[in-house]
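The lines below spell out each chain.
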Amino acid sequence: MSESTEALLRVEGLSTRFFTEQGQVNAVSDLDLRIDRGDVYGIVGESGSGKSVTARSIMDLIESPGEITSGEIWYRNGELAAAVEDDHGHAVDGSFVDLLEIPERVRRSLRGTSFSMIFQDPESSFNPSLTVGEQLAEAVEVQRRASANPRSTRARTRSEEYSLGSFVLSTMLPSKRYVSEESRERAISLLELVGIPDPVERADEYPHEYSGGMLQRAMIAQALAGEPDLLIADEPTTALDVTIQAQILDLLDELKRETGMTILLITHNLGVIARMCDRVGVMYAGEIVERGTLADVFDDHVHPYTHGLLGSIPDVERAGGRLEPIPGNVPSLLDREMGDRCRFADRCPKAMEDCLSHPPEVDAEGSDHHAVRCVLAERSYDESRALPDDYFGEPDRPAEAVDEPQSDDEPLPAERTQPTLEDAGGDGS
Amino acid sequence: MSTDERLVRVDGLRKYFWENDSILDRLFGEEPVAVRAVDGVSFDVYEGETLGLVGESGCGKSTTGETLLALQEPTEGRVEFDGDDVYALGRDGLTAFRRDAQVVFQDPFSSLDPRMTIGEIVCQPLDVHDVATGTERTERVRTLLERVGLSADHLDRYPHEFSGGQRQRIGIARALALEPEFLVLDEPTSALDVSVQAQVLNLLEDLQSEFDLTYLLISHDLSVIRHSCDRVAVMYLGEIVEIGPVRDIFESPKHPYTRALLESVPRATTAERERDRETLSGDVPSPRDPPSGCRFRTRCPAVIPPDDLDLEQAQYRAIMDLRERIERRDVSLESVGGDRIAFDDGGVPERDVPAFVDALADRLLERELPPTHRDIVEEALAALAGVDWDEAAEVLRQRYESVCERRNPDLGEERHPVACHLYGLAADGSENGDR
């Protein structure tokens, strides 16, 4: 679908963990990902599957108690590679740079120009006391000053002329040097680019005067200020109504066509994925369980979780019979509660004895990019090796039964006299 | 399945919320502002059916649900339950109504008291209405919990120990405790992940046939509505624009809003990218000051021009958008010409008027217009150069006024009625069948 199949970003073996009071949470484990230039890559998964943490790991927005504990994030940028090669040779491979091996200040300088991000909730992403135009101009200003000094990898928000002092001065002195006139004009043209009618007037309004859809457009404009290589959109339409969602998706599509930008789209909505993406990764419990082209994942999927996810959505075009839900609940990601088995096995209708060891990612039929973390990619389902239904115990225990720690890896078939989620929840099992 | 027995009848229901209505505001002479959350909706719910109420945020669907349950005071209108006027019920009657009509809320995290065990939560309605005692009561709670797919051993656990889906099951068990006939389900699965949503939808379906329940399902999610409902009412800005059997609504939608809504939903199939879709522009207007006539006309892709007008729909739409801005006085005239044109309280100096009109047209008009229409628009904009808003609005109104702004279309009485001037009565009162 894209003209070139040049990888822009290669993520290899990424693990991000959070060290909380309750214990170590394995939010993302051993994740591989390849995003080609000009593509829209979608990550889909339910809440808690680790999709946002993946995006934040790429953006370098993981904060304590979180930490990227292992992995490599290779980003193709010849200029950057040349700039850091002398000091950090081990982080350079041709025109690729490993973002986890370069100093923090270099990495920070990539935000905005190389990667930028839009979030789910535009209301909380803007400062309510500044006009939208000012905030956009500020973003432009940051990028403009940076490009005036391209070789410098210094964090540009730390420079002298961009200090708090100069901001305060700018409010008192008539010569507003804080944000220049060119930046203001560029801000207005950005607003126009994202389809805000009458941008000259709207630039002087405050965020609360914008509707949700307009504000999401403004946030996209802000993200585009530095002409980034990769735009990461984290649930960009989740807070919006469907007619506004359609407008925003149209806009992203258009921008992608016009600027050739690459987009990493994080969402829980499979319809949005189908509408936008060239490639898809399906996440479950911190892992990508299946990835490939849109057709691989939607039509030729192997993993029972992908199947279950697609089977759970009611169809808007057909009055369906019964839905086929996935029984049970999303598992805990606490390290001590995770066994060394396939993480989906306890909810999987096709769990076999083989699933008790953690499956590696293997290639599956379909396109070259189709890979899946499931034994079913290499052998078909064998009923004689199936695990008994109650192998993992009763699945409807409370999510955090703190007072009664139950261990998942205890293979003690519990008596199942109570109706469980499978029985009540449908005939998926 | 549904019968022909009518269980709930809603007639001309209105619910306004008032802003600027405090004593201070009155002292300062501020006029209270009505937020017309629900503005005259009428529908029936038949025994055993699921009626869907669908619309975008702020369209009044939840307020409709709450008001018909008498959880909110209605501003106007009538609701009958089983033949009785709900708002005229006495104390005993109201208690009985509260037993028969229950509600399940959207957010399973805030609708359960964190200090009560789930046993107490499910038992509370029994306490309030003084139903059953002692072991019978405990037995009933256990059965309820098991019926919704939870273990009865979890009676003593607290809500925080359960996941979102399980909490929603608790909410459903509580709503079922008094063996109601009618349930209002207010976005019951919106806070849940899709796999869990499917579990809850299946459960609701099972419970409906097992206990002969009647549902009013409020949701913004069209696929949920399609899956679960027998009939659907589509709401826009406090009004019902179309109501009918689920198949008719989804397969042959009449109202331009319903059509746009359906087209906007992205389908989870590989064919989605090639699907033709027409998306709506603009935002929903404020319910404080809804548009005159048909409320959808400010965004409608099929707004009806006067009979003798030779303009394409897109051009007519552009003129209507311009009129809307002028009528709301939502144009900042000061900044039109930048520094080139001097602007003071009296407007623009005579010699700058043509430049002003050009700049303004350039900014406000989204489409090229044929010369005759361009002249009319320029005449109106010239009036703005003298800051005469009324004159500008009037010039445009005379030529371009649509039937859609003069009259609010009625929702008919037939099987699949729609409130749109494209159907039914035309402006002059003559029959004007489907387009």
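Just so we're clear, the structure is a prediction, and the values are computed from it rather than from any experiment. (Residues numbered from 1 in each chain as written. Chains lettered and ligands numbered in written order. Predicted model: local features only at pLDDT ≥ 70, side-chain atom pairs only at ≥ 80, totals over all residues. Heavy atoms only, no water.)

**As for the overall build of chain B**
Looking only at helices and strands, chain B has 15 helices and 10 strands in total. When each of the 435 residues of chain B is scored for burial, the buried share is 55%. Excluding contacts between residues fewer than 6 apart, the proportion of contacts in chain B whose partners are at least 24 apart in sequence is 66%. Summing over all exposed atoms, chain B offers an accessible surface of approximately 19,600 Å²; the carbon and sulfur share of this is 45%. Here chain B contributes 49 positively and 88 negatively charged side chains, and the mean placements of these two sets differ by 2 Å. (Helix = DSSP H or I, 4+ residues; strand = E, 2+ residues; numbered from the N terminus. Buried < 20%, exposed > 50% of the residue type's maximum accessible area, 1.4 Å probe, protein only. Contact = heavy atoms within 4.5 Å. Areas by Shrake-Rupley, 256 points an atom, 1.4 Å probe, with all protein chains shown as cover. Lys, Arg positive; Asp, Glu negative; His and termini not counted. Charge placed at Lys NZ, Arg CZ, Asp CG, Glu CD.)

**A look at the overall build of chain A**
Each helix and strand counted, chain A has 13 helices and 13 strands in total. Within the span of chain A, comprising 429 residues, buried residues form 53% of the whole. Within chain A, contacts between residues at least 6 apart in sequence are counted, and of these 67% link residues at least 24 apart. When the accessible surface of chain A is split by element, carbon and sulfur atoms take 46% of a total near 19,000 Å².

**A closer look at the domain arrangement of chain B**
Under the domain assignment used here, chain B contains domain 1 (6–252) and domain 2 (313–401). Placing the centre of domain 1 of chain B and that of domain 2 of chain B at their C-alpha centroids yields a distance of 48 Å. (Domains from an automatic or database assignment.)

**Here's the deal with the confidence of the model for chain B**
Residues and elements named next belong to chain B. When the pLDDT values of chain B are averaged, the result is 88; 96% of them are 70 or greater. Low pLDDT, under 50, characterises residues 426–435; the predicted model gives this stretch 17 contacts beyond four residues in sequence or across chains. The complex prediction reports pTM at 0.86, with the ipTM value standing at 0.87. (pLDDT = per-residue confidence, 0-100.)

**Some details on the sheet that holds strand β6 (residues 96–98) of chain A**
All names here are of chain A. The antiparallel open sheet is built from 5 strands, whose spatial order is β2-β1-β4-β6-β5. Both edges of this open sheet fall to β2 (23–36) and β5 (92–93), since each of them pairs with a single strand only. The pairing of strand β1 (residues 7–20) with strand β4 (residues 66–76) spans 8 bridges and is antiparallel. When the sheet's bridge partners are listed, Glu-12 is paired in β4 with Glu-72. Taken strand by strand, helix α1 (residues 51–59) contacts β1, β2 and β4, and its axis lies near 110° from that of β1. (Pairing = 2+ DSSP bridges. Axes fitted to C-alpha atoms, helices over the stretch in contact; angles between N-to-C directions.)

**Some thoughts on α1(A)**
Residue and element names in this part refer to chain A. For α1, the tally of buried residues reaches 7 of 9 residues, placing the bulk of the element in the interior. Within the sequence span of α1, burial applies to Lys-51, Val-53, Thr-54, Ala-55, Ser-57, Ile-58 and Met-59. Taken from the residues just after α1, Asp-60 is the one with a positive phi, measuring 65°.

**Digging into the packing of aromatic side chains**
In total, this model carries 10 aromatic pairs over all chains according to the counting rule given. The interplanar angle of 85° and the centroid separation of 5.1 Å between the aromatic rings of Tyr284(A) and Phe344(A) together place this pair among those described as edge-to-face. With Tyr284(A) in strand β10 (residues 279–284) and Phe344(A) in the loop between α12 (304–312) and β12 (362–363), this residue pair connects regions lying 60 residues apart in the sequence. On the basis of relative accessibility, which here comes to 2%, the residue Phe344(A) falls in the buried class. With centroids separated by 5.1 Å and ring planes inclined at 65°, the aromatic side chains of Tyr257(B) and Phe296(B) adopt a geometry described as edge-to-face. With Tyr257(B) in helix α10 (residues 256–264) and Phe296(B) in the loop between α10 and α11 (313–327), this pair connects stretches of sequence that are 39 residues apart. A residue is classified by how much of its surface remains accessible, and Tyr257(B), at 0% relative accessible area, is buried. Following the ring pairs from residue to residue traces out a cluster consisting of Tyr284(A), Tyr305(A) and Phe344(A). Lying across the ring of Tyr210(A), Arg202(A) places its NZ or CZ 4.9 Å from the centre. The ring of Phe17(B) carries the charged tip of Lys15(B) above its face, separated from the ring centre by 5.0 Å. (Phe/Tyr/Trp six-rings, centres within 6.5 Å; stacked < 30°, edge-to-face > 60°. Lys NZ or Arg CZ within 6 Å of the ring centre and 35° of its normal.)

**Regarding the domain arrangement of chain A**
Residue and element names in this part refer to chain A. Examined at the domain level, chain A breaks down into domain 1 (1–102 + 229–429) and domain 2 (125–227). Taken together, the contact between domain 1 and domain 2 spans 13 residues of the former and 11 residues of the latter. Across the domain 1 to domain 2 interface the summed buried area is about 1,000 Å²; carbon plus sulfur atoms make up 72%. Together, Ile-248, Leu-251 and Leu-255 form the three largest contributors to the area buried by domain 1 at its contact with domain 2, with a combined 37%. At the boundary of domain 1 with domain 2, the tally comes to 0 salt bridges. Counting across the domain 1 and domain 2 interface gives 2 residue pairs in polar contact (both at pLDDT 80 or more). No other element matches the 7 residues that helix α9 (residues 242–259) contributes to the side of domain 1 that touches domain 2. Looking at the side of domain 1 that touches domain 2 residue by residue, the classes come out as 9 nonpolar, 1 polar and 3 charged. (Buried area = accessible area lost by both parts, 1.4 Å probe. Salt bridge = Lys/Arg side-chain N within 4 Å of Asp/Glu carboxyl O. Polar contact = N/O pair within 3.5 Å; in protein donor to acceptor, adjacent residues only side chain to side chain. Nonpolar A, V, L, I, M, F, W, Y, C, P; charged D, E, K, R; others polar.)

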